[in-house]
Amino acid sequence: MSGISPSAAALYSRVEKVIPAIEWPVFTDDIDAILRLKRERNAVILAHNYQTPEIFHCVADIVGDSLALARKAMDVEADVIVLAGVHFMAETAKLLNPGKTVLIPDMGAGCSLADSITPDDVRLMRQRYPGVPIVTYVNTSAAVKAESDICCTSGNAKAVVESLGVPRVIMLPDEYLAQNIAAQTDVEIIAWKGHCEVHERFTPEDIRELRAAHPGLTVLAHPECPPDVVDEADFAGSTAAMSDYVGTVKPARVVLMTECSMSDNVAVDHPDVEFIRPCNLCPHMKRITLANIRTALEEMRHPVTIEPELSGRARLAVERMLAV
Ligand code: 13P
Ligand code: SF4
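Description of the structure in this document.

Rules and cut-offs
- Residues numbered from 1 in each chain as written.
- Chains lettered and ligands numbered in written order.
- Predicted model: local features only at pLDDT ≥ 70, side-chain atom pairs only at ≥ 80, totals over all residues.
- Heavy atoms only, no water.
- Helix = DSSP H or I, 4+ residues; strand = E, 2+ residues; numbered from the N terminus.
- Rg over C-alpha atoms; globule rule 2.2 N^0.38 Å.
- Buried < 20%, exposed > 50% of the residue type's maximum accessible area, 1.4 Å probe, protein only.
- Contact = heavy atoms within 4.5 Å.
- Lys, Arg positive; Asp, Glu negative; His and termini not counted.
- Charge placed at Lys NZ, Arg CZ, Asp CG, Glu CD.
- Near = heavy atom within 4 Å.
- Nonpolar A, V, L, I, M, F, W, Y, C, P; charged D, E, K, R; others polar.
- Pairing = 2+ DSSP bridges.
- Right-handed = clockwise from strand over helix to strand, strands pointing away.
- Polar contact = N/O pair within 3.5 Å; in protein donor to acceptor, adjacent residues only side chain to side chain.
- Areas by Shrake-Rupley, 256 points an atom, 1.4 Å probe, with all protein chains shown as cover.
- Salt bridge = Lys/Arg side-chain N within 4 Å of Asp/Glu carboxyl O.
- Arc of directions from axis to C-beta.
- Axes fitted to C-alpha atoms, helices over the stretch in contact; angles between N-to-C directions.

Along its length, the chain carries 15 helices and 12 strands. The C-alpha atoms of the chain give 20 Å as radius of gyration, which agrees with the globular expectation for 324 residues (20 Å, within 12%). Expressed along its principal axes, the backbone C-alpha trace of the chain runs to roughly 65 × 55 × 30 Å. Residues classed as buried in the chain amount to 58% of the 324 residues present. Considering only contacts in the chain between residues 6 or more positions apart, those separated by 24 or more positions represent 60%. Across the chain, the mean location of the 30 positive side-chain charges is 4 Å away from that of the 45 negative side-chain charges.

A separate point is the site of ligand 2. The environment of ligand 2 is formed by Tyr50, Val86, Cys111, Ser112, Leu113, Asn139, Cys196, Val198, Glu224, Cys282, His284 and Met285. Residues belonging to the shell around ligand 2 are distributed by class as follows: eight nonpolar, three polar and one charged.

Looking at chain direction, strand β7 (residues 168–172) and strand β8 (residues 188–191) are connected through four bridges and run parallel. Across the sheet, residue Met171 finds its bridge partner in β8, namely Ala191. The parallel pair β7 and β8 is bridged by helix α9 (residues 175–182), and the resulting crossover is right-handed.

Let's shift gears to the site of ligand 1. By nearness alone, every residue bordering ligand 1 is listed as His48, Tyr50, Asp65, Ser66, Asn139, Ser154, His199, His222, Glu224, Ser238 and Thr239. In the model, an oxygen atom of ligand 1 is placed 3.5 Å from a nitrogen or oxygen of the Tyr50 side chain. A distance of 2.8 Å is found between an oxygen atom of ligand 1 and a side-chain nitrogen or oxygen belonging to Ser66. Alone, ligand 1 offers 300 Å² of accessible surface; in the complex the protein occludes 96% of this. Across the shell around ligand 1, the residue classes tally to one nonpolar, eight polar and two charged.

Enumeration according to the criterion identifies 20 salt bridges in this entry. One salt bridge in this structure joins Asp61 and Lys38, with 3.0 Å as the shortest N-O distance. Residue Asp61 is found in the loop between α3 (53–56) and β2 (62–64), and its partner Lys38 is found in helix α2 (residues 25–41); the two are separated by 23 residues along the sequence. Counted as one network, the salt bridges with shared partners bring together Asp120, Arg123, Glu147, Glu309 and Arg313.

With that settled, consider helix α12 (residues 239–249). Of all the positions in α12, only Thr239, Met242, Tyr245 and Val246 are classed as buried. Within α12, the buried residues cover an arc of 120° as seen down the axis, which keeps them to one side. Looking at the buried side of α12, the elements it contacts are β1 (43–48), β9 (218–221), β10 (235–236), β11 (253–257), α13 (260–267) and β12 (274–276). Positive backbone phi, at 45°, marks Lys250, one or two positions downstream of α12.

Bringing the sheet that holds β11 into the picture now. Strands belonging to one sheet form pairs held by backbone hydrogen bonds; the direction of such a pair is parallel or antiparallel. Pairing in this open sheet of four strands is parallel, and the strands run β10-β9-β11-β12 from one edge to the other. In the strand order of this sheet, the two ends are held by β10 and β12, each with one partner. As paired strands, β11 and β12 are joined by three bridges and run parallel to one another. Bridge assignment links Arg253 to a residue of β12, and that residue is Glu274. Across the sheet, helix α10 (residues 204–213) lies against β9, β11 and β12, angled at about 165° from β11, the strand it touches most. α12 rests against β9, β10, β11 and β12 of the sheet, and its axis sits at about 160° to β9.

Here it is as structure tokens:
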């Protein structure tokens with residue numbers, strides 16, 4: 001490991017199980033620059049569980065699922081937040097920190113769920129089902145959140161739906177999440193036809209083949225997977241819930257039916273667990289790199305802005321969720 005600056009070299013021990021030594025020198029210059037720029041800019045990096053290990057374990061200050069990132073964004077004291085994740089996550093951080101600079105390193109880091117619905121669609125649903133509350137997944141634009149009554153994440157969707165005390169809710173835009181939550185509650189759920197392009201590709205046959213090839217396998221699935229995939233799994237939960245499951249249950253062999261970097265990030269902390277690694281990449285999450293995080297901090301780009309007309313209403317929907 002010669003030629004590596006001491007701070008980056010020290011960090012390698014965190015990720016040596018998932019990043020080959022031969023690849024590490026590619027990252028060290030950017031890591032050192034990012035660590036320095038964070039101090040100079042009084043910045044913190046919030047990273048989603050799907051970020052690559054060199055981001056997640058080496059430069060991030062706060063990591064977690066969408067719910068944890070939203071909650072922890074409220075406690076940030078730094079002047080600048082860099083969101084290593086997708087655009088809706090950066091918007092949520094901005095909604096909760098209107099006075100801070102929130103940067104997203106690549107404006108193209110979108111989400112197929114967020115793209116599946118517009119504010120007009122939400123208004124049409126409200127007209128079609130008068131009086132039925134609208135629960136909107138955080139994987140949506142601020143403009144869609146502004147038309148909604150309350151937000152939810154995969155980590156709190158059931159609690160949010162049941163907190164409303166009504167027999168029927170509209171849940172937008174993830175059809176599969178809505179169906180998976182409907183299976184756990186007596187509340188009737190009206191769904192939309194949005195899908196996550198990563199999780200919709202998993203099938204029950206994938207799980208059956210994996211179980212046949214790897215005896216004793218524990219299968220964890222994200223609730224954005226189709227219901228027949230969730231039925232075939234041993235456990236379904238948000239990215240944080242899957243990570244907690246591995247830490248608590250410590251299965252001998254596990255597969256996470258979700259985005260690829262999850263297994264790497266969780267495996268770092270659980271050397272005794274064997275991770276079987278079929279996974280699907282999220283092209284949006286993968287647009288965030290050490291190089292563009294560095295550029296974001298050097299050039300203070302790309303700052304997230306939200307129209308004032310929208311931000312009050314969108315923030316209310318997020319704050320209602322956080323109060324559940
Ligand atoms: P989590 O809230 O479970 O982290 O999920 C976010 C996401 O985008 C999953 O695809
Ligand atoms: Fe969106 Fe799916 Fe990517 Fe999550 S994994 S950001 S839901 S496209």
